[in-house]
Amino acid sequence: MEDQAKKHGPGKVYLVGAGPGDPGLITVRGRQLLERAEVVIYDYLASTRLLRHIPKDAELVYAGKKGGVQHTHTQEEINQMLVDYAMQGKMVVRLKGGDPFIFGRGGEEVQQLAAAGVPFEVVPGVTSATAAATYAGIPITHRDYTASVAFITGHEDPTKENSNIDWARLATGAGTLVIYMGIKNLPIIVDHLINNGRDPKTPVAVVRWASTPEQQSVVATLDTIVEVVRANGIKPPSLVIVGEVVKLRDTIDWFEKRPLFGKRIIVTRTREQASDLVAGLEEAGADCLEYSTINIQPTDSYEILDSELERLDEYHWIVFTSLNGVDYFFQRLYARGMDARNLKGPGIAVVGKSTAELLLKYGVKADLIPSASYTGEGLAESLLDQGMEGRNILIPRAELSREILPETLRGAGARVTVAPVYKNVPPQGRKDVLRAELENGKVNMVTFTSSSTVKNFLTMVDAADQQELERLMHNVKIAAIGPITAKTVTDSGLKVDVQPPIYTIPELIQAIVRYYAEDRA
């Protein structure tokens, strides 16, 4: 290893603050470094969703340290790992919850790096103190209440001799006190604050898992907070906020008041297409679990499409019934040395607005979108209004799809060619994980955006019989994007609870929000 370091020179270590839990709170610099990392050593409090930004060939090392549990690695082992990887010439990201230099032992780690002659950089993160207060609706400073704040570790035993914490001065020396890792020692901390002059009726908030969908907050006073924490089962990781500013939570609490806060929702759409649905649900406060039930793959043969692309000028209409149909059609069009200019002859019909918007990205404007219903039936009805007798129709679509559209058009006298451009199959793996999520009873809703997502979900759940399926889905609400998807759900013996009047992702999100708003009312 030393010879390799001499030959190539040491790499570099980046201490990156991951923020308090919400992966969106990482800095731009931190995300850029993750995207280039060769080795990532991450903590218990760093969101694992940040690992999506890491290159596939990067080495991951979990170095989590959790209160009351044996450490995966000691701090000394972590320090040495950083040195060792850097000496191999690696670009190392040390991903730490919150900010590396605020009760994160980042100072100790860079001291070791400096002693070993390893180059390093420290990227600040949003510290848990400010995040917990902000996400609980508490400004830690406010000119009407206080202009001072102190950050304190509660991990240190306040009763030990030679404590680094001067409780006599801190108790009344700062308007707001934010105590990290203070749950275990909370009774002792409270006694020291009261005994050193802090008013027992001072408002106190305790925030657990700040900025995440699991956030839990309780409010009491200094003389009652221990009992309130115990009664509500508050455990680490939590922060304690002491001060008059806690009174403002009643007015400006925003995070926990979002309409879907506390709702765990399974999204079954393909990973490539789930982003809009997940983003919309999370914006409303939901905790989304992504379980793609569809694995989209190219068709085994493009023989039919290739033949029809040679005579596009003979077609009167090209009909797209899905986003995937558009993507795979254009991929093949480009592979054949063609582009959107070759589509100047036929009219273009699509099943709905989302498909039309995707077409625009390929430089093509849809000529026909159903006005009433974004389904195969609605699309067929709109095309029939155009007159189908003797018309040549090309439908690029999945290998196995409902036949209602081509059959309806043929019945009206059209010559219809169905060209498979992709296929969907159930994804491999994650069955046990999905089953476990349903077994633990913490899933509130499952969303379905096509009949395929329903069928493949049932395959992944792998229930032995209808009774077991109903047991797994007990108290789990179901949202279906439209009537065809809903029928597939009901045909399986399950009930649809949410279905939007317009069959689009934005409308599905709004329908889910309305459902839970009415449920709370």
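Residues numbered from 1 in each chain as written. Predicted model: local features only at pLDDT ≥ 70, side-chain atom pairs only at ≥ 80, totals over all residues. Heavy atoms only, no water.

### Looking at the pattern of salt bridges
Enumeration over the complete set of coordinates arrives at 32 salt bridges. Across the pair Asp166 and Arg169 runs a salt bridge whose closest N-O atoms are separated by 3.5 Å. Residue classification places Asp166 among the partly exposed residues on the basis of a relative accessible area of 37%. Close ionic contact of Arg471 with Glu468 constitutes a salt bridge, the shortest N to O distance being 3.7 Å. On the criterion of helical spacing, the pair formed by Arg471 and Glu468 is a turn pair, its members being 3 residues apart in helix H18 (residues 466-472). Of the residues examined, Arg471 reaches a relative accessible area of 44% and is grouped as partly exposed. The exposure class assigned to Glu468 is buried, which follows from its relative accessible area of 16%. Several salt bridges converge on common partners, so that one network encompasses Asp43, Arg94, Lys96 and Glu109. (Salt bridge = Lys/Arg side-chain N within 4 Å of Asp/Glu carboxyl O. Buried < 20%, exposed > 50% of the residue type's maximum accessible area, 1.4 Å probe, protein only. Helix = DSSP H or I, 4+ residues; strand = E, 2+ residues; numbered from the N terminus.)

### Description of the sheet that holds strand S3 (residues 59-62)
Pairing in this open sheet of 5 strands is parallel, and the strands run S3-S2-S4-S1-S5 from one edge to the other. Where the open sheet ends on each side, the last strands, each with one partner, are S3 and strand S5 (120-123). Across the sheet, the mean angle from the axis of one strand to that of its neighbour is 15°, orientation sign disregarded. Sheet topology places strand S1 (residues 12-17) next to S5; 4 bridges connect them, and they run parallel. Bridge pairing in S5 places Val16 opposite Val123. (Pairing = 2+ DSSP bridges. Axes fitted to C-alpha atoms, helices over the stretch in contact; angles between N-to-C directions.)

### A few points about the side chain of Arg258
Relative to the helices and strands, Arg258 is located in the loop between helix H9 (249-252) and strand S11 (264-267). Although buried, Arg258 forms no salt bridge, and the nearest oppositely charged side chain, Glu283, lies 5.9 Å from it. Within the structure, the side chain of Arg258 is placed 3.2 Å from the backbone oxygen of Phe255, a separation counted as a polar contact. (Lys, Arg positive; Asp, Glu negative; His and termini not counted. Polar contact = N/O pair within 3.5 Å; in protein donor to acceptor, adjacent residues only side chain to side chain.)

### Observations regarding the confidence of the model for the chain
Scored by pLDDT, the chain comes out at a mean of 87, with 93% of its residues at no less than 70. Ranking the helices and strands of the chain by mean pLDDT puts helix H8 (residues 225-231) first, with 97, and helix H1 (residues 2-8) last, with 47. Of the regions scoring below 50 in pLDDT, residues 1-7 engages in 8 contacts with residues more than four places distant in sequence or in other chains. (pLDDT = per-residue confidence, 0-100. Contact = heavy atoms within 4.5 Å.)

### Digging into the packing of aromatic side chains
Evaluated as defined, the whole model comprises 15 aromatic pairs. Look at Phe329 and Phe330: their rings are 5.4 Å apart centre to centre, the planes differ by 85°, and that puts the pair in the edge-to-face class. The exposure class assigned to Phe329 is buried, which follows from its relative accessible area of 0%. An angle of 45° between the planes, with centres 6.3 Å apart, marks the rings of Tyr334 and Tyr362 as tilted. Of the two residues, Tyr334 is situated in helix H12 (residues 323-335) and Tyr362 in the loop between helix H13 (353-361) and helix H14 (376-384); the sequence distance between them amounts to 28 residues. What makes Tyr334 partly exposed here is its relative accessible area of 41%. Site record: aromatic cluster; members linked through ring pairs are Phe320, Phe329, Phe330, Tyr334 and Tyr362. (Phe/Tyr/Trp six-rings, centres within 6.5 Å; stacked < 30°, edge-to-face > 60°.)

### What about a nonpolar patch on the surface?
Taken together, Phe103, Val149, Phe151 and Met181 make up a surface patch of nonpolar side chains, about 310 Å² in accessible area. On the secondary structure map, Met181 appears in the loop between strand S7 (176-180) and helix H7 (186-195). Residue classification places Met181 among the partly exposed positions, given a relative accessible area of 40%. (Patch = residues over 30% accessible without salt bridge, like charges linked within 9 Å, V, L, I, M, F, W, Y side chains within 5 Å. Areas by Shrake-Rupley, 256 points an atom, 1.4 Å probe, with all protein chains shown as cover.)

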